[in-house]
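Reading the structure
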Amino acid sequence: MFGRVLSGSKYGVRQTRGKFGLGAKMALIWSKKSTGMPVEILSAHSTSPKIPPAKISHCILDIDIHKNEPQIEKHDQRVNPEGWRGSEITVTVAGNWTTYKSRVRAHLPTS
């Protein structure tokens, strides 16, 4: 998902549809094309469900959409005192608020 996007039958190596499918890849590409900002990724996993991961991987990843290549801007490990596990991907997208305001508000809880 964070490397090259491969699709179609002309490629020798095909990317199989996984848990995220193409939706997450397209969100990354839309983010990059609309704002030019990199993607931030947090990930913490362990081999045992009983043992929490000791570290959280933090990565800031830029994608060259013309060359279809990832560029790692920053990658470090952080301590994980709360035992958090999972993956978190942060993207920033630009859009037209005037046109899509009602659709965005439909997804937000009302008070």
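Structure's up top.
Figured I'd write up the structure that's included with this text. (Residues numbered from 1 in each chain as written. Predicted model: local features only at pLDDT ≥ 70, side-chain atom pairs only at ≥ 80, totals over all residues. Heavy atoms only, no water.)

**Here's the deal with the sheet that holds strand E1 (residues 39–44)**
To keep things clear, this is the line we draw: A pair of strands counts as paired when DSSP detects no fewer than two bridges linking them. Counting from the N terminus, the helices are the DSSP runs of H or I reaching at least four residues and the strands are the DSSP runs of E reaching at least two. Geometry is summarised by axes, namely lines fitted to C-alpha atoms with helices restricted to the contacting stretch, and by angles between N-to-C directions that run from 0 to 180 degrees.
Spatially, E3-E2-E1-E4 is the arrangement adopted by the four strands of the open sheet, whose pairing is antiparallel. Since the sheet does not close on itself, it has two edges, and those belong to strand E3 (69–79) and strand E4 (86–90), each with one partner. Shown here is a sheet whose adjacent strand axes are inclined to one another by a mean of 15 degrees, direction ignored.

**Let's talk about the nonpolar core**
Convention followed: Buried Ala, Val, Leu, Ile, Met, Phe, Trp, Tyr and Cys residues form a nonpolar core when they are joined through side-chain atoms within 4.5 Å. Each residue is assigned to one of three classes by its accessible area relative to the maximum for its type, calculated with a 1.4 Å probe on protein chains only: buried under 20%, partly exposed between the two thresholds, exposed over 50%. The contact criterion used throughout is that any non-hydrogen atoms of two residues lie within 4.5 Å.
Within the largest apolar cluster, six residues are counted, these being Leu28, Val39, Ile41, Cys59, Leu61 and Ile63. Put simply, the parts of the chain that give this core at least two residues each are E1 and strand E2 (55–64). Broken down by element, the residue count for this core peaks at three residues, all from E2. Those residues in contact with Ile63, other than ones at most four positions away along the chain, are Leu28, Lys32, Glu69 and Pro70.

**Brief notes about the environment of Asp62**
So the rule is basically this: Here a polar contact means two N or O atoms within 3.5 Å. Within protein one must be a hydrogen donor candidate and the other an acceptor candidate, and residues neighboring in sequence count only if both atoms are side-chain atoms.
Structurally, Asp62 is set in strand E2. Between the C-alpha atoms of Asp62 and Glu73, which are 11 residues apart in sequence, the distance is 6.8 Å. Setting aside residues up to four positions removed in sequence, Asp62 forms contacts with Lys32, Pro38, Glu69, Pro70, Gln71 and Glu73. At a separation of 2.7 Å, a polar atom in the side chain of Asp62 contacts the side chain of Lys32.

**Some thoughts on the pattern of salt bridges**
Put simply, the test is: By definition here, a salt bridge exists when the distance from a side-chain nitrogen of Lys or Arg to a carboxyl oxygen of Asp or Glu is within 4 Å.
For the structure on display, the rule yields three salt bridges. Where Lys32 meets Asp62, a salt bridge forms, and the shortest distance between an N and an O atom there is 2.7 Å. Pair noted here: Lys32 is in helix H1 (residues 23–35) and Asp62 is in strand E2, with a separation of 30 residues, a long-range link. A relative accessible area of 18% means that Lys32 is categorised as buried. With a shortest N-O distance of 3.9 Å, Asp76 and Arg78 are connected by a salt bridge.

**A few points about H1**
What counts, and what does not: Helix span is expected to be 1.5 Å times the residue number reduced by one. It is the directions from the helix axis to the C-beta atoms that the arc portrays.
Helix length check: H1, at 13 residues, gives a terminal C-alpha distance of 18 Å against a target of 18 Å (1.5 Å per residue), a fit within 8%. Within H1 the residues assigned to the buried category are Ala24, Lys25, Leu28, Ser31 and Lys32. Mapping the buried residues of H1 onto a view down its axis gives an arc of 125 degrees, with all of them on the same face. Turned more than 90 degrees from where H1 packs its buried face, Gly23 and Lys33 sit exposed.

**Describing unusual backbone geometry**
Negative phi characterises most residues that are not glycine, and trans characterises most peptide bonds. Within the chain, Asn68 stands out as a residue other than glycine whose phi angle is a positive 60 degrees. Mapped onto the secondary structure, Asn68 falls in the loop between E2 and E3. Among the residues examined, Asn68 registers a relative accessible area of 23% and is labelled partly exposed.

**What about the environment of His75?**
Mapped onto the elements, His75 comes out in strand E3. Put simply, His75 and Glu40 are 35 residues apart on the chain and 10.0 Å apart in space, counted from C-alpha to C-alpha. Excluding residues within four positions of it along the chain, His75 makes contact with Ser57, His58 and Cys59.

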